[in-house]
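As a plain string of letters, each chain reads:
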Amino acid sequence: MSQDVSSEGDLRNTGMSLKHDREWDYELDRIVEAVEERGATKVGLQFPEGLKRRGPAVADDLRALTDDDVTYMLSGQPCYGACDLDTYLMRRTDVFVHFGHSPMKESDKIIYVPLFSNVDPFPMMEDALDELPEDDVGLVTTAQHMNRFDEMKEWLEDEGYNVHTRKGDDRLTHEGQVLGCNYASADIDADQVLYVGGGKFHPLGLAMEHPDKKVVIADPVNNVVTVADTEKFMKQRYGAVHRAMDAEKWGVIFCTKIGQGRWDMAEEIVNDNDDTYLITMDEVTPDRLRNFDMDAFVNTGCPRITTDDGPQFHKPMLTPGEYRIAVGDEPLDSLSFDTFHGTW
Ligand code: SF4
């Protein structure tokens, strides 16, 4: 959901095939150094979904590099972002390593290993130039390509552009970084934005959040350049809102994952509407909600669950903003992307 390595290069529904083999740098030296420095005997390792299969091999490598009395434990919890730390395992280990995301909140105990992509972004950026006719351009990317962000910016400047970049809010670590739920780094003074990264989920959210901007996607993972088109996506959202308009019983989901809780928002909805029921859960999935006899749900947790997985739920699943439209508090044309700010 966030810019994790599992969503990048996720080719489901794209009809594309992966063009690059990727090698990740697990930064074992940095981990070993922390283990030794802290005299750690218990180390937790958390990988995003797409890389869980590599976990045992990384643990083997670390075992070979550290004392025999160090125990490595793998988190089996689902993980889609730095918002999604396995706090249970973290509390029980001396060093906790979170792979695949940049920090949402720094802590002495956590080592974040971002796993930068090794693909070359410049051929696709070159192809994207035809779609960027104006002098001013915004530049954003995901954590996986952040290691080359300065180079990308210079490259565009050499092509003659005034490049606009900014660091978003607290939820974002780096200048120019976007998350699946936060596009504050694209609040820049340019009508066109170049997004460099894999997949279409992030740029679609970006285009919905900034409907006045043209969002050009240079995807160096799948070797393709496209322009974000939100029409199909918007239709799907309007469809969900319409189907929920007659709902008599609402399930309001509060997500207990450390970086996904919006308690005040959930509480406000429940306080305002007697036909709502607060449901607390960590992983929000269609299976877990199936047994709840509700007419519609509103999800205050990760917005990508609502927008990307929405059609898989047995009843309409709305963002908090969409809920306000469905119950008549806000007009239909106020529909916008649900973004998430701050940390915890
Ligand atoms: S809440 Fe944001 S950072 Fe977390 S998984 Fe969802 S999109 Fe990614």
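Think of each chain on its own: its residues are numbered from 1, step by step along the sequence as written. Given that this is a predicted model, residues contribute local features only at a pLDDT of at least 70 and side-chain atom pairs are listed and counted only at 80 or more, while totals for whole chains, interfaces and linings are drawn from all residues.

Undergrad: Just to check I follow, could you spell out the domain arrangement of the protein chain for this structure?
TA: The parts lose accessible area when they come together, and the size of an interface is often stated as this lost area. Each domain's extent is set by a domain assignment, obtained either automatically or from a database. Annotation of the protein chain at the domain level lists domain 1 (28-113), domain 2 (122-229) and domain 3 (234-334). Computed from C-alpha coordinates alone, the two centres of domain 2 and domain 3 are separated by 30 Å.

Undergrad: Got a minute to help me understand the confidence of the model for the protein chain in this structure?
TA: Detailed reading of the predicted model is not advised wherever pLDDT is low. Confidence scores labelled pLDDT are given residue by residue by the predictor and lie between 0 and 100. This prediction gives the protein chain a mean pLDDT of 92; 94% of its residues lie at or above 70. Note that contacts rest on C-beta atoms placed from the backbone: two residues are in contact if these are within 7 Å. Note that residues 2-21 has pLDDT below 50 and, in this model, 55 contacts with residues that lie over four places away or in other chains.

Undergrad: Even after reading the chapter, I still don't get the sheet that holds strand β8 (residues 214-219), so can you show me in this structure?
TA: Remark on secondary structure: sheet strands pair via backbone hydrogen bonds, oriented parallel or antiparallel. Paired strands, in this sense, are two strands between which DSSP finds at least two bridges. Going along the chain from the N terminus, every DSSP run of H or I of four or more residues is numbered as a helix, and every run of E of two or more is numbered as a strand. Taken in spatial order, the five strands of this open sheet run β6-β5-β7-β8-β9, and their pairing is mixed. With partners counted over all chains shown, the strands left at the sheet margins are β6 (162-164) and β9 (224-227), one partner each. The average undirected angle you get between the axes of adjacent strands in this sheet is 25°. In the sheet, β8 pairs with β9 via four bridges, with the strands oriented antiparallel. Residue pairing for β9: Val 216 is matched across the bridge by Val 227. Only the contacting stretch of a helix is used when fitting its axis, a line to C-alpha atoms as for every element, and angles between N-to-C directions run 0 to 180 degrees. Along the sheet, helix α5 (residues 149-158) contacts β5 (136-141), β6 and β7 (192-196); its crossing angle with β5, the most-contacted strand, is approximately 160°.

Undergrad: So what exactly am I meant to see when it comes to the environment of Leu 179 here?
TA: Topologically, Leu 179 is positioned in the loop between β6 and β7. The sequence separation of Leu 179 and Leu 115 amounts to 64 residues, and the corresponding C-alpha distance is 16 Å.

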